Amino acid sequence: MGRCSQEHINVERAQRALLKVKWRVAGGMGIPFAAAVFFMLPLFTSSTGDIRHHGTSRARGWRGSAQAPADVTANNSVSNVTAQLGGTAYLHCLVGHLSERGQVSWIRKRDWHILSSGKFTYTNDERFQVLHGEGSEDWTLQIKFVQKRDNGTYECQVSTRTGIVSHYVRLQIVVPEAFILGSGEHHVDMGSVIHLICIVEKSPTPPQYVFWYHNDRMINYDATRGGITVETEPGARTQSRLTVRGATLKDSGNYTCSASNTEPASIHVFVSEGSNKMAAILRRNTSAIHGITSSITCLLLFCSVMIHFGLR
């Protein structure tokens, strides 16, 4: 038997032994250690892989030859992905020329946790899943219902006989914000039009809906009141306009803009006649001044007591 044949037999024996250890460890030592063994398996097998960055072939990657490229760091490509809180993030890694024994793994850099090896996941968090179709070069890490703690860098790693090829994805989680234009309150005269604008920004995906509430009642489709229209323009900066015609005293109160993907925003509307409008403003200012005066009075009284006991 020739030397090459004997080396081939030794390699096959080593592979079978590693597979037996992997499955025994999975039953006796637990999944984390089994994952580590499974992750190291490609280092003992022959696998060639060429990482492609978003469809662009990376000629500097490992190919059929056994030699690594001169500049290994050239394979450490980086891409950025933005996902909104509660949505789904897709982290793509395109790998070409991957042999049958090659292995693609995803690693979370924050804690060096191996999330997957091949199409198998090694985490109890069911939000993580690897998407890979037969014959596809794309090994996508899918993260459902993303949370703020998912923010950070993830590594797509291809283990080969001669080294490791990596592609890094920086995931940024954004939290949409909603606000109503104005100063927190809005004054209108009786019979005029209430016009409010709600802005939803920092939202890569436009909200599925924007509801308007008057106090605790939704008024988007209020046929009883009449004269109410809502116009919403979805986009990177979604705008929703509420129009209430022929304002009456009953239309006073709290108005809330509630989008599907963010916290609600509110503003208080005062409807009054011309003279009553000024009276309402004066009452509010008088109340504020009274509160400040009371606080100053209490402070002076406290200082007087402290001075009195200090002199004694």
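Anyway, here's the lowdown on the structure attached to this text. (Residues numbered from 1 in each chain as written. Predicted model: local features only at pLDDT ≥ 70, side-chain atom pairs only at ≥ 80, totals over all residues. Heavy atoms only, no water.)

## A word on the nonpolar core
Ala-89, Leu-91, Trp-106, Leu-141, Ile-143, Tyr-154 and Leu-171 are the most contacted members of the largest nonpolar core, which totals 22 residues. Among the secondary structure elements, those contributing two or more residues to this core are strand S2 (77-84), strand S3 (89-91), strand S5 (103-108), strand S8 (128-131), strand S9 (140-143), strand S10 (152-159) and strand S11 (164-174). It is S11 that provides the largest number of residues to this core, a total of four residues. Ranked by size, the runner-up nonpolar core spans 21 residues in total, among them Trp-212, Leu-242, Ala-259 and Val-271. (Core = buried A, V, L, I, M, F, W, Y, C linked by side-chain atoms within 4.5 Å. Buried < 20%, exposed > 50% of the residue type's maximum accessible area, 1.4 Å probe, protein only. Helix = DSSP H or I, 4+ residues; strand = E, 2+ residues; numbered from the N terminus.)

## Section: the sheet that holds strand S15 (residues 210-214)
Across the sheet, five strands lie side by side as S13-S20-S19-S15-S16; this open sheet has mixed pairing. At either end of the open sheet lies a strand with only one pairing partner, and these are strand S13 (185-189) and strand S16 (217-218). (Pairing = 2+ DSSP bridges.)

## Digging into the layout of surface pockets
Over the atoms, a rolling probe the size of a water molecule traces out where space has been left empty. Estimated volume of the largest pocket: approximately 280 Å³. In this structure, the largest pocket is lined by 17 residues; those nearest its centre are Gln-84, Gly-86, Gly-87, Thr-88 and Thr-205. Among the secondary structure elements, those contributing two or more residues to the lining of the largest pocket are S2 and S3. For the lining of the largest pocket, the leading source of residues is S2, giving four residues. (1 Å grid on protein atoms, 1.4 Å probe; cavity = no way out; pocket = protein on both sides within 12 Å on 5 of 7 lines; lining within 4 Å. Points joined across faces, edges and corners; volume = space filled by probe spheres on them.)

## A look at the side chain of Thr-238
Tracing the backbone shows Thr-238 in strand S18 (residues 238-244). Looking at Thr-238, its side chain comes within polar contact range of the main-chain oxygen of Gly-235, at 3.1 Å. The contacts of Thr-238, once residues within four sequence positions are left out, are Cys-198, Ile-199, Val-200, Pro-206, Pro-207, Thr-232 and Glu-233. (Polar contact = N/O pair within 3.5 Å; in protein donor to acceptor, adjacent residues only side chain to side chain. Contact = heavy atoms within 4.5 Å.)

## A word on the sheet that holds strand S7 (residues 120-121)
What the six strands build is an open sheet, ordered S2-S11-S10-S5-S6-S7; its pairing is mixed. The open sheet terminates on both sides in strands that have one partner only, identified here as S2 and S7. The pairing of S2 with S11 spans eight bridges and is parallel. If you follow Ser-79 over to S11, its bridge partner there is Val-169.

## Observations concerning the pairing of strand S20 (residues 265-272)
Examined bridge by bridge, S13 and S20 share five bridges and lie parallel to one another. What sits directly across from His-187, in S20, is Phe-270. In this sheet, S20 lies alongside strand S19 (residues 253-259) in antiparallel orientation, the contact comprising five bridges. Paired with Thr-256 across the strands is Ser-266, a residue of S20. Connecting S19 to the antiparallel partner S20 that follows it, the hairpin turn spans five residues.

## Remarks on the state of the cysteines
Joining two cysteines, a disulfide is a covalent bond between their sulfur atoms. Tallying each qualifying case throughout the model produces two disulfides. Two residues share a disulfide in this structure: Cys-93 and Cys-156, whose sulfurs sit 2.1 Å from each other. What sets the handedness of the Cys-93 and Cys-156 disulfide is the S-S torsion sign, and at about -75° it is left-handed. With Cys-93 in the loop between S3 and strand S4 (94-96) and Cys-156 in strand S10, this pair connects stretches of sequence that are 63 residues apart. A relative accessible area of 0% places Cys-156 in the buried class. Disulfide partners in the protein, listed by the sequence order of the bonded cysteines, are 1-2, 3-4. (Disulfide = S-S within 2.5 Å.)

## Thoughts on the environment of Val-193
Within the secondary structure layout, Val-193 lies in the loop between S13 and strand S14 (194-201). Sequence separation between Val-193 and Ile-228 is 35 residues; the distance between their C-alpha atoms is 9.9 Å. Dropping the residues within four chain positions of it, Val-193 is found in contact with Val-188, Thr-243, Val-244 and Arg-245.

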